[in-house]
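Overview (structure and organization)
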Amino acid sequence: MGELGGKVVIVTGGGGQIGSAVATRMAEAGAKVMLTDENDEALAKTCATLRGGGAEAAKFHGRIDDKLDASNLMAATIDAFDRIDVLVNIPRATLPGAFAELSGGSLSEALTQNVVSSFLLGQAVAKRMIELNEGNEGAGGAILNMSSIAARRTVPELLAYSVSCAALDQLTRSMAADLAPHGIRVNGVALGAVMSERLRVAMRERDDLRGELVRVTPLGRIGEAEEAADVACFLASGRASFLTGQIVTVDGGRSVLDPLASPVR
């Protein structure tokens, strides 16, 4: 039995490349996986792949950005697997636009999809974890919020995404402090240039983007979704049992560089 043997994991964005990689890695570690996504076709494909590999997997088609959606997902998870031990929230909205041209609606949508949905589902999952673990000292649980280095590095043309990721990181720290007495650990994973559908599209639209990302990444390459999934699996496992309230950066060293080509004196 793997490091997550018998654990029940919810992965949002399970139809996407990163969500699929996270779900696959956790299933390989022995977890039972509930996947959710707005894209039912991609969701069904990921679920079928997991089942084909011998994993226990189920799917919930929907957009988790209100209490009813979160409650329905929780009910579906309990019906399928009886409990919930791990939640992985993967942000969905990038919504490009600089400050002067960005609409309030776009900013609101980014916050709804990336922060409010993580808050509502995290709250529902935490309450169920506390309820299920009552009287079972040390049972706890783990919640992971996938974020981005855009939370700390200003990207003018991605203002809504940057602001929502910064809010998500603060939500992660606040959740961690509040849920620690219940043994529930909450951590974040801030991604740099890790391969995803959105990054593929961006690279098709900008011929120079891959080269530029490689140039500013000390490890000299684009990250793989599976590398982000390995970190998520570690944080969800007992090996990270004394780690909470942290934002673990997976960016090949990109965020440690000064963006200027030469020092300013």
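Residues numbered from 1 in each chain as written. Predicted model: local features only at pLDDT ≥ 70, side-chain atom pairs only at ≥ 80, totals over all residues. Heavy atoms only, no water.

**Observations concerning the pairing of strand S6 (residues 184-191)**
Applied cut-off: The buried label applies to any residue whose accessible area, calculated with a 1.4 Å probe on protein chains only, is under 20% of its type's maximum; exposed applies above 50%, and partly exposed to all values in between. Comment: elements are numbered from the N terminus, with helices defined as DSSP H or I runs of at least four residues and strands as E runs of at least two. The pairing criterion is simple: DSSP has to find at least two bridges between the two strands. Handedness is read with the strands pointing away from the viewer; a crossover is right-handed when the path from the first strand over the helix to the second is clockwise.
The buried count for S6 comes to eight of eight residues, which makes it a mostly enclosed element. The alternating pattern of S6 places Ile184, Val186, Gly188 and Ala190 and Arg185, Asn187, Val189 and Leu191 on opposite faces, both of which are buried. Direction of pairing for strand S5 (residues 141-148) relative to S6: parallel, over a ladder of eight bridges. Pairing of methionine 146 across the sheet is with valine 189, part of S6. In the classification by handedness, the crossover that spans S5, the intervening helix H5 (residues 159-179) and the parallel S6 is right-handed. Examined bridge by bridge, S6 and strand S7 (residues 247-250) share four bridges and lie parallel to one another. The partner of valine 189 across the bridge, within S7, is valine 248.

**With respect to the nonpolar core**
Note the threshold: Residues grouped as a nonpolar core are buried Ala, Val, Leu, Ile, Met, Phe, Trp, Tyr and Cys residues, joined through side-chain atoms within 4.5 Å. Whether two residues are in contact is decided by their heavy atoms, any of which lying within 4.5 Å being enough.
Grouped together as the largest cluster of nonpolar side chains are 36 residues, with contacts concentrated most on Val11, Val22, Met26, Val88 and Met146. Listing elements by their share of this core, those giving two or more residues are strand S1 (8-12), helix H1 (17-28), strand S2 (32-37), helix H2 (40-52), strand S4 (86-89), S5, S6 and helix H8 (225-236). For this core, the element with the most residues is H8, which contributes seven residues. Sequence-distant contacts of valine 88, that is, excluding residues within four places in its chain, are made with Val9, Ile10, Val11, Thr12, Val22, Met26, Leu144 and Met146. Listed in part, the 26 residues of the second largest apolar core include Ile10, Val115, Ile143 and Ile184.

**Notes on the pattern of salt bridges**
For the record, the criterion: We count a salt bridge whenever a side-chain nitrogen from Lys or Arg sits within 4 Å of a carboxyl oxygen from Asp or Glu.
Applying the stated criterion to the full structure yields nine salt bridges. Where salt bridges share partners, they join Glu3, Arg25, Asp230 and Arg239 into one cluster.

**A few points about the sheet that holds S4**
Keep this limit in mind: Angles run from 0 to 180 degrees between N-to-C directions of axes, and those axes are lines fitted to C-alpha atoms, restricted for helices to the stretch in contact.
Spatially, S3-S2-S1-S4-S5-S6-S7 is the arrangement adopted by the seven strands of the open sheet, whose pairing is parallel. The strands lining the two open edges of the sheet, one partner per strand, are strand S3 (57-61) and S7. On average, adjacent strands in this sheet sit at an angle of 20 degrees to one another, irrespective of strand direction. The strands touched by H1 within the sheet are S1, S2, S4, S5 and S6, with S1 carrying the most contacts at an inclination of about 170 degrees.

This is a description of form; function is not addressed.
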